[in-house]
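# Understanding the architecture of this molecule
Take a look at the letters that make up each chain.
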Amino acid sequence: MSIARDIGRDTGTAPGPSASADSAPITAIRTRVVSARYRQPFKISSGISTDLISLVVEIETADGTVGVGETSPMTAYTGETLAGVTAAIEDHLAPALLGRDPLDRAGAHLVMDAVLRGQHVAKAGLDIALYDLAGHLSGWPVHALLGGSIRQRVQTAWVVGLGTLDEMAAEAAEYADRGFRHLKVKGGKDPAQDLELVRAVRAVLPADAELCLDANEGYDATTALPMLTKMTEAGLSLLEQPLPRWDLAGLVRLRERLDLRLMVDESMHSLQDALEIVRRGAADVLNIKILKVGGLHRALQIANVAEAAGLAVKIGSMPELGVATLAAVHLAAAVPGATVPADLVGPMLVNEEPLAPSAFGEANGWVDVPTRPGLGHDV
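Note that the structure is a prediction, hence the values are computed from the model and not measured.

### Quick word on the domain arrangement of the chain
As far as domains go, the chain holds domain 1 (26–139) and domain 2 (144–368). For domain 1 versus domain 2, the separation of C-alpha centres amounts to 23 Å. Across the domain 1 to domain 2 interface the summed buried area is about 3,200 Å²; carbon plus sulfur atoms make up 63%. Along the contact surface separating domain 1 from domain 2 lie 1 salt bridge. If you look at where domain 1 meets domain 2, you find 13 residue pairs in polar contact (both at pLDDT 80 or more). Contributing elements (two or more residues each) for the side of domain 1 that touches domain 2: β2 (26–44), β3 (47–61), β4 (66–71), α1 (75–78), α3 (105–115) and α4 (120–138).

### Quick look at helix α7 (residues 191–204)
For an α-helix, 3.6 residues make a turn, and residues three or four places apart therefore share a direction. A rise of 1.5 Å per residue sets the reference length of α7, with its 14 residues, at 20 Å; its end C-alpha atoms lie 20 Å apart and thus fit the reference within 8%. Here α7 has its buried residues at P191, D194, L195, L197, V198, A200, V201 and R202. Tucked into the core, α7 has its buried residues touching α6 (165–177), β7 (182–186), β8 (210–214) and α8 (221–233). Measuring from the side-chain oxygen of the N-cap residue of α7 to the backbone nitrogen of A192 gives 2.9 Å; that N-cap residue is D190.

### Digging into the pairing of β8
In terms of burial, β8 is largely enclosed, as 4 of its 5 residues are buried. One ladder, built from 5 bridges, connects β7 with β8; its direction is parallel. Its bridge partner lying in β8, V185 is registered against L213. Following the backbone out of β7, through α7 and into the adjacent parallel β8, one traces a crossover that is right-handed. In this sheet, strand β9 (residues 238–240) lies alongside β8 in parallel orientation, the contact comprising 3 bridges. What sits directly across from D214, in β9, is E240. The handedness of the β8 to β9 crossover, carried by α8, is right-handed.

### Considerations on the UniProt feature "domain: Mandelate racemase/muconate lactonizing enzyme C-terminal" (unreviewed entry) in the chain
When the UniProt feature table is mapped to this numbering, "domain: Mandelate racemase/muconate lactonizing enzyme C-terminal" (unreviewed entry) covers residues 165–261. Regarding residues 165–261, the helix share stands at 52% and the strand share at 14%, and the terminal C-alpha atoms are separated by 24 Å.

### Overview of the packing of aromatic side chains
With the rule as written, the count across this model stands at 4 aromatic pairs. Measuring from centroid to centroid gives 3.7 Å for W158 and Y175, while their planes differ by 5°, and the two rings are stacked. Taken as a pair, W158 in strand β6 (residues 158–160) and Y175 in helix α6 lie far apart in primary sequence, 17 residues in all. Residue classification places Y175 among the buried residues on the basis of a relative accessible area of 10%. Ring plane angle 65° and centroid distance 5.4 Å describe the contact between W158 and F180, whose orientation is recorded as edge-to-face.

### Some remarks on the pattern of salt bridges
One pass over the full model with this rule turns up 23 salt bridges. Its salt-bridge partner being R178, residue E174 comes within 2.6 Å of it at the nearest N-O pair. In this structure, K184 and E240 form a salt bridge, with 2.9 Å as the shortest nitrogen-oxygen distance. Taken as a pair, K184 in strand β7 and E240 in strand β9 lie far apart in primary sequence, 56 residues in all. According to the relative accessible area criterion, K184 is buried, its value standing at 2%. When its relative accessible area of 0% is taken as the criterion, E240 is described as buried. Taken together, the salt bridges that share partners define one network made up of R30, R32, E58 and E60.

Reading the values: rules and limits
- Residues numbered from 1 in each chain as written.
- Predicted model: local features only at pLDDT ≥ 70, side-chain atom pairs only at ≥ 80, totals over all residues.
- Heavy atoms only, no water.
- Domains from an automatic or database assignment.
- Buried area = accessible area lost by both parts, 1.4 Å probe.
- Salt bridge = Lys/Arg side-chain N within 4 Å of Asp/Glu carboxyl O.
- Polar contact = N/O pair within 3.5 Å; in protein donor to acceptor, adjacent residues only side chain to side chain.
- Helix = DSSP H or I, 4+ residues; strand = E, 2+ residues; numbered from the N terminus.
- Expected span 1.5 Å × (residues − 1).
- Buried < 20%, exposed > 50% of the residue type's maximum accessible area, 1.4 Å probe, protein only.
- Contact = heavy atoms within 4.5 Å.
- Pairing = 2+ DSSP bridges.
- Right-handed = clockwise from strand over helix to strand, strands pointing away.
- UniProt positions renumbered as here; feature names shortened; annotations may be inferred.
- Phe/Tyr/Trp six-rings, centres within 6.5 Å; stacked < 30°, edge-to-face > 60°.

Written out as structure tokens, the structure is:
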């Protein structure tokens, strides 16, 4: 499916500051919808999806150079809709970027934040396109724009969606056999059932495979503690977002009582959220999802906060198709603290990846970091 719209200089909106003498200004921003069918419906505690639907964003400069971004609003997770994200870009954010210097990514965020509060998912699509554009203009891969690559390959987790206990254990075992050494299983509906899930999955995994449970805010701090203690004893080593996003005090209590690493996801949507999590001591790991926090520019700022606080980082996914997932690959390659295997599975979860099939062809637990200019996609 493809629906396109072009936002050009005929919008009637006055452009921002002109481009520098060294770069041609932004003259057009286009959007189009792409979708791919999941191999099997992707289920988490807050909802189920049969198709991975994304909005592709293209930013073009006066000299004809194009940067491609992607954003994918998972409504059950973020509360944002495709129609809302599209309107935010086309009616507010894109007109504010026309005429601007495409290399001024920090300035682009200041302008976008000035014209529209929030809307991180929409801003992320434009941010990713700007990074891809800057890569093409400079001849550099995006990881070089983020500070350089300390990894030539990025390790990825395999994410097992909700299903029966036998189905989830079998899928985890299959992907462990393919080379994945970090398996994340979805839970959150019932701590007692999740305890059985942890036991069943741990029993079929190799000894060197790490097991993570993502509860997607599904637990209550008081009633979940006994089961979580038993999960730790059963071999769970990483627990993601067990409590509602607002319950930082509860996360602190769990972290003090559990002998495993605690990771936050839904609790962190901004740089300010990250700072408060650090101040409260509410996590050991920050799950940085590029789309959720507003793009690569903001994600790198959050990674710097984590590094200063001595916290580890996972580069997460909502999930997305190939362009946004490649952005995550470049970020994971450039961030020293991104030591928890990333969630780069979106392109591997669908029947046919339409944006970067050459980058995600083999599911073996690792993704090579592209070295071509920009993101390295096939669009």
